[in-house]
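Report on the structure
Now for the letters of each chain:
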Amino acid sequence: MVSFGVEFVPNEPITNIVEYVKLAEKVGFKNVWITDHYNNRDVYTTLALLALNTEKIMVGTGVTNPYTRNIAQTASSIITVDEISKGRAVLGIGPGDKATFDSLGVEWVKPAKTIREAVTVLRKLFAGEKVSFQGEIIKLTGAGLAVKPVGKIPIYIGAQGRLMLRVAGEVGDGVLINASHPKDFQVAIQHLEEGAKKAGRQLKDIDVAAYACFSVDEDAEKAKKAARIVVGFIVAGSPPEALDRHGIDLDSQKTIREAISKGDFKTVGKSVTNQMMEAFSVCGTPEDCSARIEELLKVGVTQVVAGSPIGADKKKAIELIGSKIIPKFT
Ligand code: F42
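Residues numbered from 1 in each chain as written. Predicted model: local features only at pLDDT ≥ 70, side-chain atom pairs only at ≥ 80, totals over all residues. Heavy atoms only, no water.

1. Here we look at the overall build of the protein
Summing up its helical and strand segments, the protein has 14 helices and 11 strands in all. At 19 Å, the protein has a C-alpha radius of gyration in line with the 20 Å of a compact globule built from 330 residues. Projecting the C-alpha coordinates of the protein onto the three principal axes gives extents of approximately 55 × 40 × 40 Å. Looking at the protein as a whole, 54% of its 330 residues qualify as buried. Long-range pairs, those at least 24 residues apart, make up 74% of the contacts in the protein between residues at least 6 apart in sequence. (Helix = DSSP H or I, 4+ residues; strand = E, 2+ residues; numbered from the N terminus. Rg over C-alpha atoms; globule rule 2.2 N^0.38 Å. Buried < 20%, exposed > 50% of the residue type's maximum accessible area, 1.4 Å probe, protein only. Contact = heavy atoms within 4.5 Å.)

As structure tokens, then:
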């Protein structure tokens with residue numbers, strides 16, 4: 001059975017996000033995911049406030065990384081959220097956003113290996129072990145925490161690339177895949193399954209989340225308008241094989257990239273085609289979005305995360321998902 005999650009970027013006052021999340025919990029969302037970028041509000045402070053203001057929804061980082069935060073500190077932070085939420089914490093972790101690392105002087109080495117080592121160490125720290133670990137990237141010498149989680153903290157891995165997806169298949173309780181179209185999941189799930197098999201696991205052991213660009217409104221045009229710039233950013237950051245899979249040429253990507261770098265969002269909006277919207281978003285009326293969700297479930301998605309922008313009006317969109325989409329699938 002599918003569950004629903006919602007993503008928030010903490011780029012507005014946290015008190016607003018608390019209200020959205022209380023509403024999301026009320027209308028049936030199972031997970032909330034908060035992004036982690038050094039230049040936005042802090043993810044753990046946000047999760048603590050969400051934990052205090054909710055009762056059922058699972059609260060998670062979506063996603064943190066092992067480069068800008070030491071892994072033992074990450075373990076301590078999420079265990080604290082677990083305590084405040086009485087066992088509802090989830091740790092989403094990925095290699096992070098290289099663009100923001102450059103400005104911090106943080107070196108991005110061997111992302112797949114780093115994540116594998118990070119998850120190994122996290123599980124030991126969660127178990128209360130004193131950890132001595134000499135990995136290629138992560139090195140701990142007798143590090144142990146004085147606190148333990150209330151329950152098991154699930155670890156989800158943010159992954160798109162082949163190697164990252166294989167690591168997620170090997171060691172993740174779940175995977176957060178930044179995509180919206182069944183074609184992309186067909187490819188991703190093959191890699192995920194390869195990793196799972198290697199570790200003697202099965203695909204069904206892993207919660208496969210579509211961390212999608214989502215925009216819903218009763219008026220399909222309003223929904224599209226709200227998602228257009230987000231889709232522009234996705235096109236700009238997509239590898240050539242992802243564009244090729246959807247028949248999008250590199251010249252249109254170049255045009256969008258140049259417009260973004262100049263801050264010319266009018267051109268970005270005009271350059272985003274219907275084909276791009278179709279490839280990189282779950283967008284339209286509740287019926288349109290439900291039809292896409294049906295397709296995603298057929299290829300193996302088990303959690304649908306409504307990511308930015310969610311809709312032209314976030315509150316209305318959360319209510320619409322709760323009243324017209326979630327009931328169709330639960
Ligand atoms: N990033 C953030 O910084 N903050 C967020 O809040 C955030 C949210 C988020 C949510 C979902 C999601 O899927 C991703 C999210 N991200 C966020 C981005 C995330 O942190 C990663 O940047 C992104 O998921 C990584 O994309 P990717 O899976 O394509 O991996 C990159 C690193 C890649 O190039 N992977 C390749 C691959 O095939 O997987 C290569 C991996 C690689 O480097 N392999 C070797 C190794 O050992 O690591 C190195 C080879 C060698 O020897 O050098």
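2. Examining the environment of serine 103
Along the chain, serine 103 turns up in the loop between helix 4 (98–102) and helix 5 (111–126). When its relative accessible area of 52% is taken as the criterion, serine 103 is described as exposed. It is 24 Å that separates the C-alpha atoms of serine 103 and methionine 164, two residues lying 61 residues apart in sequence. Polar contacts involving the side chain of serine 103 include one to the side chain of tyrosine 38, which spans 3.4 Å. (Polar contact = N/O pair within 3.5 Å; in protein donor to acceptor, adjacent residues only side chain to side chain.)

3. A short note on the site of the ligand
Within the structure, the ligand sits among 24 residues, and Gly96, Ala112, Gln160, Gly161 and Leu176 are positioned closest to it. In this structure, histidine 37 approaches the ligand through a side-chain N or O atom, which is 3.2 Å from a nitrogen atom. Contact between the ligand and glycine 161: an oxygen atom at 2.8 Å from a main-chain N or O atom of the residue. Counting only elements with at least two residues in the shell around the ligand, the list comes to strand 3 (58–64), helix 5 and helix 6 (162–171). (Near = heavy atom within 4 Å.)

4. Quick notes on unusual backbone geometry
A cis geometry characterises the amide bond from glycine 62 onward to valine 63, with omega recorded as 5°. You can see valine 63 is positioned in strand 3. The step from serine 308 to proline 309 runs through a cis peptide bond, and the omega angle for that step is 5°. Inspection of the secondary structure assignment puts proline 309 in strand 11 (residues 303–310). In this model, lysine 86 sits at a positive phi of 55°, which is unusual for a non-glycine residue. The topology assignment puts lysine 86 in the loop between helix 3 (71–84) and strand 4 (89–93). Phi at lysine 110 is positive, roughly 35°, even though this residue is not glycine.

5. A word on the pairing of strand 7 (residues 155–158)
Residue alternation in strand 7 divides its side chains into two sets, Ile155 and Ile157 and Tyr156 and Gly158, and both sets are buried. Both strand 4 and strand 7 contribute to a ladder of 3 bridges, which runs parallel. Bridging from a neighbouring strand, glycine 92 pairs with tyrosine 156 of strand 7. Relative to strand 8 (residues 174–177), strand 7 runs parallel, the two sharing 3 bridges. What sits directly across from glycine 158, in strand 8, is leucine 176. Regarding the hand of the β-α-β motif, the stretch spanning strand 7, helix 6 and strand 8 is right-handed. (Pairing = 2+ DSSP bridges. Right-handed = clockwise from strand over helix to strand, strands pointing away.)

In short, geometric facts, not functional conclusions.
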